[in-house]
Amino acid sequence: MSPMADHSSKVHAEAPCYETSWLCVFEAVSPYMWSYMGIAFALGISVIGAAWGIFLTGSSIVGGGIKAPRISSKNLVSIIFCEAVAIYGVIMA
């Protein structure tokens, strides 16, 4: 056999799509998975943000309530707004 015949008989397999491009990976993922990830992120981030806000304002209300007890009930509006952020996140998710 000649070297040319041996070389032409070899078939070169192309690399899989996921090894050459990230676009193929993103196309292969189900659209439902992207929607579920969006729901999870919306829900999780809104709840974490509301918890952080309640933590900060709650500790401020407790600290202020020790110095001046008359203001603790007036500052509960900020806690209600933080809870509204969590409810809004649940509605959006």
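The structure we're discussing is the one just above.
Residues numbered from 1 in each chain as written. Predicted model: local features only at pLDDT ≥ 70, side-chain atom pairs only at ≥ 80, totals over all residues. Heavy atoms only, no water.

**What about the overall build of the protein chain?**
Point 1. If you tally the helices and strands in the protein chain, you get 5 helices and 0 strands.
Point 2. Along the protein chain, from the amino end to the carboxyl end, the secondary structure elements read α-α-α-α-α.
Point 3. Counting across all 93 residues of the protein chain, residues that qualify as buried make up 12%.
Point 4. Restricting the contact set of the protein chain to residue pairs at least 6 apart, pairs at least 24 apart contribute 55%.
Point 5. With an accessible surface of roughly 7,700 Å², the protein chain has 73% of that area assigned to carbon and sulfur atoms. (Helix = DSSP H or I, 4+ residues; strand = E, 2+ residues; numbered from the N terminus. Buried < 20%, exposed > 50% of the residue type's maximum accessible area, 1.4 Å probe, protein only. Contact = heavy atoms within 4.5 Å. Areas by Shrake-Rupley, 256 points an atom, 1.4 Å probe, with all protein chains shown as cover.)

**Quick look at a nonpolar patch on the surface**
Point 1. A cluster of nonpolar side chains, Trp22, Phe26, Met33, Trp34, Met37, Phe41 and Ile45, forms an exposed patch at the surface whose accessible area comes to about 780 Å².
Point 2. Elements with a contribution of two residues or more to the nonpolar patch: helix H3 (22-28) and helix H4 (31-67).
Point 3. The greatest single-element share of the nonpolar patch, amounting to 5 residues, is contributed by H4.
Point 4. Secondary-structure assignment places phenylalanine 26 in helix H3. (Patch = residues over 30% accessible without salt bridge, like charges linked within 9 Å, V, L, I, M, F, W, Y side chains within 5 Å. Salt bridge = Lys/Arg side-chain N within 4 Å of Asp/Glu carboxyl O.)

**Considering the packing of H4 against helix H5 (residues 76-92)**
Point 1. Running from amino to carboxyl end, H4 crosses H5 at an angle of 175°, the nearest separation of the two axes being 8 Å. Considering their axes alone, H4 and H5 lie roughly antiparallel with respect to each other. Where H4 approaches H5, its residues Ala42, Leu43, Ser46, Ala50, Gly53, Ile54, Thr57, Gly58 and Ile61 are matched on the opposing element by Leu76, Ser78, Ile79, Cys82, Glu83, Val85, Ala86, Gly89 and Val90.
Point 2. Of the residues that constitute the contact of H4 with H5, the class distribution is 11 nonpolar, 6 polar and 1 charged. (Axes fitted to C-alpha atoms, helices over the stretch in contact; angles between N-to-C directions. Parallel < 35°, antiparallel > 145°, perpendicular 65-115°, else oblique. Nonpolar A, V, L, I, M, F, W, Y, C, P; charged D, E, K, R; others polar.)

**Thoughts on H5**
Point 1. With 17 residues, H5 extends 25 Å from end C-alpha to end C-alpha; this agrees with the ideal 24 Å at 1.5 Å per step.
Point 2. Summarising the contacts, the buried residues of H5 are in contact with H4. (Expected span 1.5 Å × (residues − 1).)

**Comments concerning the packing of aromatic side chains**
The description of an aromatic ring pair rests on the distance of the ring centres and on the angle between the ring planes.
Point 1. Scanning the model with the defined rule gives 1 aromatic pair in all.
Point 2. Seen in terms of ring centroids, tryptophan 52 and phenylalanine 55 are 5.8 Å apart; in terms of plane orientation they differ by 45°. Their pairing is tilted. One end of the pair is tryptophan 52 and the other is phenylalanine 55, both in helix H4 and 3 residues apart, which spans about a single turn. Of the two residues, tryptophan 52 and phenylalanine 55, both sit in the exposed class. (Phe/Tyr/Trp six-rings, centres within 6.5 Å; stacked < 30°, edge-to-face > 60°.)

**Looking at H4**
Point 1. Here H4 contains 37 residues, and its C-alpha end-to-end distance of 54 Å stays within 8% of the 54 Å for a straight helix at 1.5 Å per residue.
Point 2. Inspection of H4 places Ser46, Ala50, Gly53, Ile61, Gly64 and Gly65 among the buried residues, and these make up the whole buried set.
Point 3. Buried residues along H4 sit in contact with H5.

Take it as geometry only, folks, not as evidence of what the structure does.
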